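Structural overview for review
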Amino acid sequence: MKRLMLGNHAIARGCFDAGVRVATAYPGTPSTEITEYISQYDEIYSEWAPNEKVALEVALGAAIFGKRALCSMKHVGLNVASDPLFTASYTGINAGLVVAVADDPGMHSSQNEQDTRNIAKAAKIPVLEPSDSQECLDFARRGFEISEMFDTPVVLRSTTRVSHSQSIVEIDERKEVDFEYKKDVEKYVMMPAMARKRHEIVEEREKRLREFAETVELNRIEEGTSNMAFITSGISYQYVKEAYPDACILKLGMVYPLPEKLVRGFCGRFEKVYVVEELDPFLEENIKVMGVNNIIGKEIFKRTGEYSPSFIKTSIEKCKLEIPYRVDEELPARPPVLCPGCPHRGVFYSLRRIKNAVITGDIGCYTLGALPPFNAMDTCICMGASIGMAHGISKVSDPSIKTIAVIGDSTFIHSGITGLIDAVYNKSNILILILDNITTGMTGHQDHPATGYNIKGEETRQLDIAKLCRSIGCDVVEEIDPYRINENIKRINDLLEIPGVKVVIAKAPCKLHRRYNTTLPGRYVDPDKCKNCKVCLTLGCPAMSYREIPDIDPNLCASCGMCESLCKFGAISMIKE
Amino acid sequence: MKESFDILIVGVGGQGNILFSKILGEAFLNEGYDVKVSEVHGMAQRGGSVVTFVRAGEKVYSPLVDKAQADYIIAFEKLEALRWLEYLKKDGIVIYSDYEIPPMSVISGKSRYPDVDSILKDIGVRHYKIEISSLLMELKNPRVQNTIMLGFFSKLTGIEKQVWERAIENNIRAKLLDINLRAFEMGRDIELKEEELKV
Ligand SMILES: Cc1ncc(C[n+]2csc(CCOP(=O)(O)OP(=O)(O)O)c2C)c(N)n1
């Protein structure tokens, strides 16, 4: 049956068909839906792990024990998981192990634009790159076969436009696959003496993979009728086809290792060949190393952001796209904002009022606290960095400077805990605000160890963040209600006077989460009482607007009541039904 | 049957672009087109400006609609209709809801919400304006604006009404189906009358 499927859904389906038994992940756009779809299959054990390193280790364990396993993450997640990845390349697997990694050219939802192909190459692991949903499904399945044929993890690399586009697929049936586990210390215990031997095997394997790439059906030449020639892969292939439907194309489905004879033969037929790939010149450099020099790549195509058919065409033909309609005046920008009723708003409203503070931030919805009207964040680097950085700053800053780290609940569990242990152990003087909205908000409400539910929505043991912090030895651990703005400003100021490591947990559920959702009637502004002081507008709530006086859109208002609590004139109250 | 459709669906994160494009995609698929839909998930959904691309044709390669390529821009928010205008091809059509969500810079008084109607007229863009609030009032449900827009747009596609209704039934929860089918019908009842342009 033909149906429209999201790339990520198709990867999930391909894994189902391939008989996958274990699927692990930590959420991250644009990879999250792979695991969300897989969690709907009862035949597959799936889980949200606390971070990508753990997720990969769980999958590796299952694979070595003879069951096909998938581990999914976004590009930066692979940094966290690279430690097990690099050595899993040495041990090899037993049943197939596919690591699905989604890159984000254009950084729709990411803090950098790194190219996963480089990491996979460094780990000497083959990389498959699908270019639409059907290929997502097929390549996922092929990935497991190649993984087993060569005894190696396989990276399935997608990008936002592949993961988050729907196209037509035909689905297959599930086939179960089983391998027996045999204890093999030489293979699975990587001490120097064993690892030395395994490294030889890895190098040997790479040679065989190179040979394999010459004939594997994932790489193919599409003959054309014009004299233009391209080497491309992934989403760029679709853009090239759109821009130059008559061109001759070497389409690579396996982008590492590259088939040297195939590439040479292809390039030998043309005066020049365009290499089209988003982000780094990965194909280009690996082809140049072969001594093939009639290729044109990053000298005309950019290394940053996403491509499009018109970008490819205008870069090659050195022309400009005619735009028929343009708006002359500058339009007000619409960056993402904290949702109406978001508990983070209360915290940042308070933080904005703390004087002489350096606030290290972290990654999540709450990173929006860095933007106006709050401007209450100095840094955001990678998950968990807020705590380590605050500790570092506190060791070199003047005592009059208050150092505050702001971190979400999911992020804290992902990689904030070790930072906290460091800060306590090394006698830091910082305040850590854990914004506990009892979910992983940014990526769409995934459960985590402190929500009390697993990926299937079943109840499970709930990590107690406050107890954890106490057992680590923090000097102060307390909970606050993020909506009590004025109280919290005072409390935070008081705590900043106490030396040591202070943890404040601002706890209130995400307003968008179905589990905690209570539909209250919205608030409204009474025009007779409103004195037009506009203090309520400083909350930066998207449910509010301003005509003659502040106004609240009842369709958007989540009735958190913060505007009411700020209004000195009692002009805001709940709509009576 | 039209040869192809290149459509932009634009709005503000949380307005339900994804469901709308799903229904659109499914209807095109059932009508025999090759279809690609490109969505936005993640960061931008938090109240930012969002765009979804829907393409249908005999064979579709790129999931993106390029600048100067869109046959239609369907906007769930008035200002967003302007933001993506460079994607419209010559003589392409904008269909927009007159619903306004002021961006933060407008709320704080740092910028002004533009006069969308007169800008579109001045530039000479073909457009339909859907006056949404009275319709929503009639249905007593603010969440069905997209379905009203869908009903209206469906009349421009040459695809049978039943195909659309089936796609709606397949994608909307039973509890909300009735109100959505009524909203769809309401959209189909809106007269197909383009706004006058200044020449
Ligand atoms: C290594 C890594 N993995 C995943 C992500 C994607 N990601 C960004 S923020 C976030 C979760 C944030 O959740 P939480 O800390 O609870 O904050 P919230 O969004 O709920 O405010 C995730 C998974 C990332 N940026 N880096």
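Numbering of residues begins from 1 in every chain and follows the order in which that chain's sequence is written. All chains are assigned letters beginning at A, and all ligands numbers beginning at 1, according to the order in which they are written. Totals for whole chains, interfaces and linings use all residues, but because this is a predicted model, local features are given only for residues with pLDDT of at least 70 and pairs of side-chain atoms are given and counted only at 80 or more. Hydrogens and water are ignored here; the side-chain numbers use all heavy atoms of the structure.

Take the site of the ligand next. Residue and element names in this part refer to chain A. One heavy atom within 4 Å of a molecule or strand makes the whole residue count as near it. Lining the immediate surroundings of the ligand are 26 residues, of which Glu52, His344, Asp409, Thr411 and Gly441 lie closest. Here a polar contact means two N or O atoms within 3.5 Å. Within protein one must be a hydrogen donor candidate and the other an acceptor candidate, and residues neighboring in sequence count only if both atoms are side-chain atoms. Measuring from an oxygen atom of the ligand, one finds a side-chain N or O atom of histidine 344 at 2.7 Å. Between the ligand and methionine 442 there is a distance of 2.9 Å, counted from an oxygen atom to a backbone nitrogen or oxygen. Here the accessible surface of atoms and residues is derived via Shrake-Rupley with a 1.4 Å probe, and residues count as covered only by protein chains that are part of the display. Starting from 580 Å² of accessible surface for the ligand in isolation, the protein chains cover 97%. Only protein atoms enter the calculation, which uses a 1 Å grid: trapped sets of points that fit a 1.4 Å probe without letting it out are cavities, open sets showing protein on both sides within 12 Å along at least five of seven lines are pockets, and any residue with an atom within 4 Å of a point is a lining residue. To be counted as sitting in a cavity or pocket, a molecule needs more than half of its atoms within 2 Å of that site's grid points. In this structure the site holding the ligand corresponds to the second largest pocket. Starting at the N terminus, helices and strands are each numbered in turn, a helix being any DSSP run of H or I of at least four residues and a strand any DSSP run of E of at least two. Among the elements of the structure, helix H4 (75-91) and helix H16 (409-425) are those that each provide at least two residues to the shell around the ligand. Classification convention: Asp, Glu, Lys, Arg as charged; Ala, Val, Leu, Ile, Met, Phe, Trp, Tyr, Cys, Pro as nonpolar; all other residues, Gly among them, as polar. Taken together, the residues that form the shell around the ligand break down as nine nonpolar, 14 polar and three charged. Among the domains, domain 1 (2-212) and domain 3 (343-507) are the pair contributing at least three residues each to the shell around the ligand. Throughout, the edges of the domains are those of an automatic or database domain assignment.

Residues and elements named next belong to chain A. The sheet built from five strands is open, its strands ordered S15-S16-S17-S19-S18 with parallel pairing. Because the sheet does not close on itself, it has two edges, and the strands there are strand S15 (357-360) and strand S18 (476-480). With strand direction ignored, the average angle separating the axes of adjacent strands in the sheet is 20°. Relative to strand S16 (residues 402-408), S15 runs parallel, the two sharing four bridges. Counted as the bridge partner of alanine 357 is lysine 402 from S16. A pair of strands is labelled paired if DSSP reports no fewer than 2 bridges between them. With axes taken as lines fitted to C-alpha atoms, and helix axes fitted only over the stretch in contact, angles between N-to-C directions fall between 0 and 180 degrees.

Another aspect to go through is the side chain of arginine 174 of chain A. Residues and elements named next belong to chain A. With respect to the helices, strands and loops of the structure, arginine 174 is situated in the loop between strand S8 (165-170) and helix H8 (185-188). Of note is the side chain of arginine 174, whose polar atom sits 3.0 Å from the backbone oxygen of phenylalanine 16. Side chain to side chain, arginine 174 and glutamate 176 meet in a polar contact 2.7 Å long. Not counting residues up to four positions away in its chain, the partners in contact with arginine 174 are Cys15, Phe16, Asp17, Gly19, Val20, Arg21, Glu43 and Ile44. Only heavy atoms matter for contacts: two residues are in contact if any of them lie within 4.5 Å across the pair.

This part covers unusual backbone geometry. Residue and element names in this part refer to chain A. Here the bond from threonine 29 into proline 30 is cis, since omega is 5°, no more than 30 degrees from zero. In this structure, proline 30 sits in the loop between strand S2 (22-25) and helix H2 (32-38). Positive phi, normally seen in glycine, also occurs at aspartate 151, with a value near 50°. Secondary-structure assignment places aspartate 151 in the loop between helix H6 (133-150) and strand S7 (154-159). Located in the positive-phi region is asparagine 532, a residue other than glycine, with phi close to 60°. Among the secondary structure elements, asparagine 532 is positioned in the loop between strand S20 (523-525) and strand S21 (544-546). For each residue, the accessible area found with a 1.4 Å probe, counting protein chains only, is set against the maximum for its type, and the residue is called buried under 20%, exposed over 50%, and partly exposed in between. Using a relative accessible area of 30% as the deciding quantity, one classes asparagine 532 as partly exposed.

For chain A, the assigned domains are domain 1 (2-212), domain 2 (220-317), domain 3 (343-507) and domain 4 (523-574). Using only C-alpha atoms to locate each centre, domain 2 of chain A and domain 3 of chain A end up separated by 46 Å.

Here we take up the pattern of salt bridges. Residues and elements named next belong to chain A. Only one rule defines a salt bridge in this text: a Lys or Arg side-chain nitrogen within 4 Å of an Asp or Glu carboxyl oxygen. Overall, the coordinates contain 52 salt bridges over all chains when judged by the stated rule. Residue aspartate 138 is joined to arginine 141 by a salt bridge in which the shortest nitrogen-to-oxygen separation is 3.1 Å. With a gap of three residues between them, aspartate 138 and arginine 141 both fall in helix H6, about one helical turn apart. Ionic pairing is found between glutamate 186 and lysine 197, a salt bridge with its closest N-O pair at 3.3 Å. A residue pair is termed long-range when its members are at least 10 positions apart, and glutamate 186 in helix H8 and lysine 197 in helix H9 (residues 192-215) qualify at eleven residues. The class of glutamate 186 is partly exposed, set by a relative accessible area of 43%.

Moving on, we come to the confidence of the model for chain B. Residue and element names in this part refer to chain B. Looking at chain B, pLDDT values average 92 and 97% of them are 70 or higher. Known as pLDDT, the predictor's confidence for each residue is given on a scale from 0 to 100. In the model of chain B, helix H5 (residues 132-139) stands out as the element of lowest mean pLDDT, 86, in contrast to strand S4 (residues 70-75), which has the highest, 98. Interface scoring of the predicted complex returns ipTM 0.95; its pTM is 0.97.

At the interface, 61 residues of chain B touch 58 residues of chain A. By convention, the term buried area covers the 1.4 Å-probe accessible surface removed from two parts as they join, with the contributions of both added. Contact between chain B and chain A buries roughly 4,900 Å² in total, counting both sides, with carbon and sulfur atoms accounting for 59%. Summed over the shared surface of chain B and chain A, the number is six salt bridges. The salt bridge partner of arginine 547 of chain A is glutamate 100 of chain B, with a shortest N-O separation of 3.6 Å. Connecting chain B to chain A are 19 residue pairs in polar contact (both at pLDDT 80 or more). Tallied by class, the residues present in the side of chain B that touches chain A amount to 28 nonpolar, 13 polar and 20 charged.

Here we come to the layout of surface pockets. Residues and elements named next belong to chain A. Grid points are joined across faces, edges and corners, and a volume is the space filled by probe spheres set on the points. Of the voids in this model, the second largest pocket is the one considered here, and its volume is about 620 Å³. Forming the walls of the second largest pocket are 39 residues, and the residues nearest its centre are Gln111, Ile363, Gly364, Met383 and Met442. No other element matches H16, which puts five residues into the lining of the second largest pocket. Of the residues that constitute the lining of the second largest pocket, the class distribution is 14 nonpolar, 22 polar and three charged. When residues of the lining of the second largest pocket are assigned to domains, at least three map to each of domain 1 (2-212) and domain 3 (343-507).

Take the nonpolar core next. Proteins that are soluble and globular tend to have nonpolar side chains buried together. Residues belong to a common nonpolar core when they are buried Ala, Val, Leu, Ile, Met, Phe, Trp, Tyr or Cys residues joined through side-chain atoms within 4.5 Å. Core analysis: the largest hydrophobic core is formed by 79 residues, its most contacted members being Leu70, Phe230 and Ile312 of chain A together with Leu8 of chain B. Residues lining this core come from more than one domain, with at least three contributed by each of domain 1 (2-212) and domain 2 (220-317) of chain A. Apart from residues no more than four positions distant in its own chain, leucine 8 of chain B is found in contact with Val51, Thr52, Phe53, Val65, Ala70, Tyr72, Ile73, Ile74, Trp84 and Tyr87 of chain B. Within the second largest apolar cluster, 70 residues are counted, among which are Ile413, Cys474, Val477 and Leu496 of chain A.

Here the focus is the packing of aromatic side chains. Residues and elements named next belong to chain A. The rule is short: rings of Phe, Tyr and Trp, with Trp giving its six-membered ring, pair when the centres are within 6.5 Å, and they are stacked under 30 degrees, edge-to-face over 60, tilted in between. Within this structure, the stated rule accounts for 22 aromatic pairs over all chains. Arranged with centres 4.9 Å apart and planes meeting at 25°, the rings of phenylalanine 65 and tyrosine 181 form a pair that is stacked. A residue pair is termed long-range when its members are at least 10 positions apart, and phenylalanine 65 in the loop between helix H3 (52-64) and strand S4 (69-74) and tyrosine 181 in the loop between S8 and H8 qualify at 116 residues. Under the relative-accessibility criterion, tyrosine 181 is labelled partly exposed at 33%. The ring of tyrosine 237 is capped by lysine 251, whose NZ or CZ atom sits 5.2 Å from the centre of that ring. One Lys or Arg, lysine 302, reaches over the ring of phenylalanine 311 and ends 4.9 Å from the middle of that ring. Throughout this description, the term charge over a ring refers to an Arg CZ or Lys NZ atom that lies within 6 Å of the ring centre and within 35 degrees of the ring normal.

Attention now goes to the sheet that holds S4 of chain A. Residue and element names in this part refer to chain A. Across the sheet, which stays open at both edges, the seven strands sit in the order S3-S2-S4-S5-S7-S6-S12 with mixed pairing between neighbours. Two strands lie at the open edges of the sheet, namely strand S3 (45-48) and strand S12 (254-256), each paired on one side alone. Sheet analysis places S2 next to S3, joined by four bridges and oriented parallel. Residue alanine 25 lies in a different strand from S3, and its bridge partner there is tryptophan 48.

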